[in-house]
Amino acid sequence: MANNFLIPALIVLAVVVSGCTSTTTTTTTTRAPQTTTTTITTTTNVATTTTAATTTTQVSVKEFQMTASQWKFEPNTVTVKQGDTVRLQIQDIDVTHGFSLPTFGVNKQLEVGKTTTVEFVADKKGTFTFACSVFCGTGHSSMTGKLVVE
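Residues numbered from 1 in each chain as written. Predicted model: local features only at pLDDT ≥ 70, side-chain atom pairs only at ≥ 80, totals over all residues. Heavy atoms only, no water.

### Let's talk about the nonpolar core
Logical step 1: If you look at the biggest cluster of nonpolar residues, it comprises 24 residues, and the most contacted ones within it are L88, F99, L101, F120 and L147.
Logical step 2: Among the secondary structure elements, those contributing two or more residues to this core are β4 (61-69), β6 (77-80), β7 (85-92), β8 (97-101), β9 (106-110), β10 (115-121), β11 (126-131) and β12 (144-149).
Logical step 3: Ignoring anything within four residues of it in the chain, the contact list for L88 reads F64, M66, V78, F99, T116, T117, V118 and F120. (Core = buried A, V, L, I, M, F, W, Y, C linked by side-chain atoms within 4.5 Å. Buried < 20%, exposed > 50% of the residue type's maximum accessible area, 1.4 Å probe, protein only. Helix = DSSP H or I, 4+ residues; strand = E, 2+ residues; numbered from the N terminus. Contact = heavy atoms within 4.5 Å.)

Right, here's the structure in full:
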């Protein structure tokens with residue numbers, strides 16, 4: 001008789017335990033350069049015993065305002081940490097330019113008078129050269145900059 005009651009009670013307990021999970025996501029944003037932190041909290045409740053497990057994952061987004069003009073990028077050096085998501089807001093001032101950073105698979109054409117967003121993950125340490133990828137006049141070959149990933 002006790003076995004007839006025990007098996008259904010274990011099944012009900014298993015169903016209750018498997019359905020008691022919730023996830024909460026909180027995002028906080030600060031400026032200069034912009035950093036976005038995402039916190040993910042997971043809580044699990046189990047029948048008569050309550051267990052709270054918290055997992056925190058931080059995603060750092062470094063945002064920079066940049067200009068492209070004959071024959072320079074300003075700033076021409078950008079420094080980030082390995083693993084950062086880098087977001088460049090590049091405003092083209094004078095003639096058509098491009099932005100190429102081959103190590104991270106980036107090659108964008110920039111339009112005069114507009115701001116173009118370039119985003120990538122800095123997943124390799126080192127110093128990498130970015131350059132204008134659209135011929136923009138006699139100083140084109142000197143239109144370069146550096147990405148430093150620490």
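So much for the structure itself; the text now carries on.
### Things to note about the pattern of salt bridges
Logical step 1: Under the criterion given, the structure shown has five salt bridges.
Logical step 2: The salt bridge involving R87 is made with E119; its shortest N-O contact spans 2.7 Å. Pair noted here: R87 is in strand β7 and E119 is in strand β10, with a separation of 32 residues, a long-range link.
Logical step 3: Overall, the relative accessible area of 44% leaves E119 in the partly exposed class.
Logical step 4: Here E111 and K114 are joined by a salt bridge, their closest N and O atoms 3.6 Å apart.
Logical step 5: Judged by relative accessible area, E111 falls into the partly exposed class, the value being 44%. (Salt bridge = Lys/Arg side-chain N within 4 Å of Asp/Glu carboxyl O.)

### Considering the sheet that holds β10
Logical step 1: An order of β5-β4-β7-β10 is seen for the four strands of this open sheet, with the pairing classed as mixed. Since the sheet does not close on itself, it has two edges, and those belong to β5 (72-74) and β10, each with one partner. Within the sheet, the average angular offset between the axes of one strand and its neighbour, ignoring direction, is 25 degrees.
Logical step 2: Inspection of the sheet shows β4 paired to β5 by three bridges, in the antiparallel sense. Considered in β5, the bridge of S69 is made with K72. (Pairing = 2+ DSSP bridges. Axes fitted to C-alpha atoms, helices over the stretch in contact; angles between N-to-C directions.)

### Structural notes on the environment of E111
Logical step 1: Along the polypeptide, E111 turns up in the loop between β9 and β10.
Logical step 2: Each C-alpha atom of the pair E111 and Q91 lies 8.2 Å from the other, and the pair is 20 residues apart in sequence.
Logical step 3: Apart from the residues lying within four places of it in its own chain, the contact partners of E111 are D92 and T116.

### Points about the environment of D84
Logical step 1: As for its placement among the helices and strands, D84 is situated in the loop between β6 and β7.
Logical step 2: In sequence terms D84 and V121 are 37 residues apart; their C-alpha atoms lie 5.8 Å from each other.
Logical step 3: The residues contacting D84, other than those within four sequence positions of it, are S60, K62, F120, V121 and A122.
Logical step 4: Looking at D84, its side chain comes within polar contact range of the side chain of S60, at 3.4 Å.
Logical step 5: At 2.9 Å, the side chain of D84 and the backbone nitrogen of K81 are in polar contact. (Polar contact = N/O pair within 3.5 Å; in protein donor to acceptor, adjacent residues only side chain to side chain.)

### Regarding the packing of aromatic side chains
Logical step 1: All chains considered together, the criterion is met by five aromatic pairs.
Logical step 2: Taken together, a centroid distance of 5.4 Å and an interplanar angle of 75 degrees make the contact between F73 and F130 edge-to-face. Of this pair, F73 sits in strand β5 while F130 sits in strand β11; the two residues are 57 residues apart in sequence, bridging distant segments of the chain.
Logical step 3: Since its relative accessible area comes to 2%, F73 is described here as buried.
Logical step 4: Between F99 and F130 the ring centres are 5.0 Å apart and the planes differ by 35 degrees, which places this aromatic pair in the tilted class. Here F99 is found in strand β8, whereas its partner F130 is found in strand β11, with 31 residues between them in sequence. In this structure, F99 and F130 share a single accessibility class: buried.
Logical step 5: Counting every residue linked through ring pairs, the aromatic cluster contains F73, F99 and F130. (Phe/Tyr/Trp six-rings, centres within 6.5 Å; stacked < 30°, edge-to-face > 60°.)

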